[in-house]
Amino acid sequence: MDTTALLADAFTRVNDEVHAALGGIRRKHLDEPPDPGGNSVCWLIWHLTRVQDDHLADAAGTEQVWHAQGFEERFGLPLPADDTGFGHTPEEVAAVRVDSPRPLLDYHDAVHEETLTYLGTLSSRSLDRIVDDAWDPPVSLGVRLVSVLGDTLQHVGQAAFLRGVLERR
């Protein structure tokens, strides 16, 4: 298996886990935090998808799915247009709400499709390209993709765990 095929498999597993975390979830569990000020399942899935969308669009030099496919308008969140959730206050976390899991799934599926399309254009050698020289050492595309994978896997695991806790209450 080549490196880009490995990355495509890993991102597909994230997509599968997003579907598992949201499949059949009750409406009340989407927006309910584990305690006051905590992250909700909705926020966790929205955030992980926004980060994947933001970071991969930047690396690919394309427009984010959030804007290009109208998800910003569909969600209608009271947040800045390019917000990804980093540094959110409890009030901002609570503002990320949906009426059903469908918008989250649609958005994640669209970002996943764009991710796989982009990965299909890459070779193992292209993963050495520097995509962010604001760090020391500069960040290569491969490091950026693994970073996004780590973040998305962590947050989808949190969402699945939180759903389980909420369903047992």
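Up top is the structure these notes are about.
From a predicted model like this one, the values you see are computed outputs, not experimental measurements.

J.: Got a minute to help me understand the packing of helix H1 (residues 3-22) against helix H3 (residues 41-60) in this structure?
T.: To characterise two packed helices, one gives the angle between the axes of the helices and the distance between these axes. Contact geometry for H1 and H3: axes closest at 11 Å, N-to-C directions at 160°. Accordingly, the angle class assigned to the pair H1 and H3 is roughly antiparallel. Crossing angle aside, the handedness with which H1 passes H3 is left-handed. In this structure, H1 contributes Phe 11, Val 14, Val 18 and Leu 22 to the contact, and H3 contributes Val 41, Ile 45, Leu 48, Gln 52 and Leu 56.

J.: I'm lost on the packing of aromatic side chains in this one. Help?
T.: Geometry of an aromatic ring pair is reported as the spacing of the ring centres plus the angle between the planes. This model, assessed by the stated rule, comprises five aromatic pairs. A ring pair is formed by Trp 66 and Tyr 107, whose centres lie 5.1 Å apart and whose planes are at 55°; its orientation type is tilted. Here the residue Trp 66 occupies a position in helix H4 (residues 65-68), and Tyr 107 occupies one in helix H7 (residues 102-119), the gap between them amounting to 41 residues. Measuring from centroid to centroid gives 5.1 Å for Phe 71 and Tyr 107, while their planes differ by 40°, and the two rings are tilted. One end of the pair, Phe 71, is in helix H5 (residues 71-75); the other, Tyr 107, is in helix H7, with 36 residues separating them in the sequence. Accessibility assignment for this pair places Phe 71 and Tyr 107 in one class, buried. A connected cluster of aromatic rings, assembled from ring pairs, spans Trp 46, Trp 66, Phe 71, Phe 75 and Tyr 107.

J.: Looking at this structure, how should I read the nonpolar core?
T.: By size, the foremost hydrophobic cluster in this structure holds 46 residues, and its most contacted members are Ile 45, Trp 46, Phe 75, Leu 104 and Leu 145. The set of elements that each furnish at least two residues to this core consists of H1, H3, H4, H5, H7 and helix H8 (141-168). When sequence neighbours within four positions are dropped, the list of residues in contact with Leu 145 reads Leu 7, Phe 11, Leu 56, Leu 119, Leu 122 and Leu 127.

J.: What exactly am I supposed to notice about the environment of Ile 25 here?
T.: Structurally, the position occupied by Ile 25 is in the loop between H1 and helix H2 (27-31). Of the residues examined, Ile 25 reaches a relative accessible area of 8% and is grouped as buried. In the structure, Ile 25 is positioned 93 residues away from Tyr 118 in sequence and 31 Å away in space, judged by C-alpha atoms. Once you skip the residues sitting within four places of it in the chain, Ile 25 turns out to touch Leu 30, Val 41, Pro 101 and Arg 163.

J.: Help me understand the environment of Val 93, please; the structure alone is not making it clear to me.
T.: On the secondary structure map, Val 93 appears in helix H6 (residues 90-95). Considered as a pair, Val 93 and Phe 161 are 68 residues apart in the sequence and their alpha carbons are 18 Å apart. When sequence neighbours within four positions are dropped, the list of residues in contact with Val 93 reads Gly 38, Asn 39, Ser 40, Trp 43 and His 88.

Calculation criteria
Residues numbered from 1 in each chain as written. Predicted model: local features only at pLDDT ≥ 70, side-chain atom pairs only at ≥ 80, totals over all residues. Heavy atoms only, no water. Axes fitted to C-alpha atoms, helices over the stretch in contact; angles between N-to-C directions. Helix = DSSP H or I, 4+ residues; strand = E, 2+ residues; numbered from the N terminus. Parallel < 35°, antiparallel > 145°, perpendicular 65-115°, else oblique. Left-handed = near helix turned anticlockwise from the far one by under 90°. Contact = heavy atoms within 4.5 Å. Phe/Tyr/Trp six-rings, centres within 6.5 Å; stacked < 30°, edge-to-face > 60°. Buried < 20%, exposed > 50% of the residue type's maximum accessible area, 1.4 Å probe, protein only. Core = buried A, V, L, I, M, F, W, Y, C linked by side-chain atoms within 4.5 Å.

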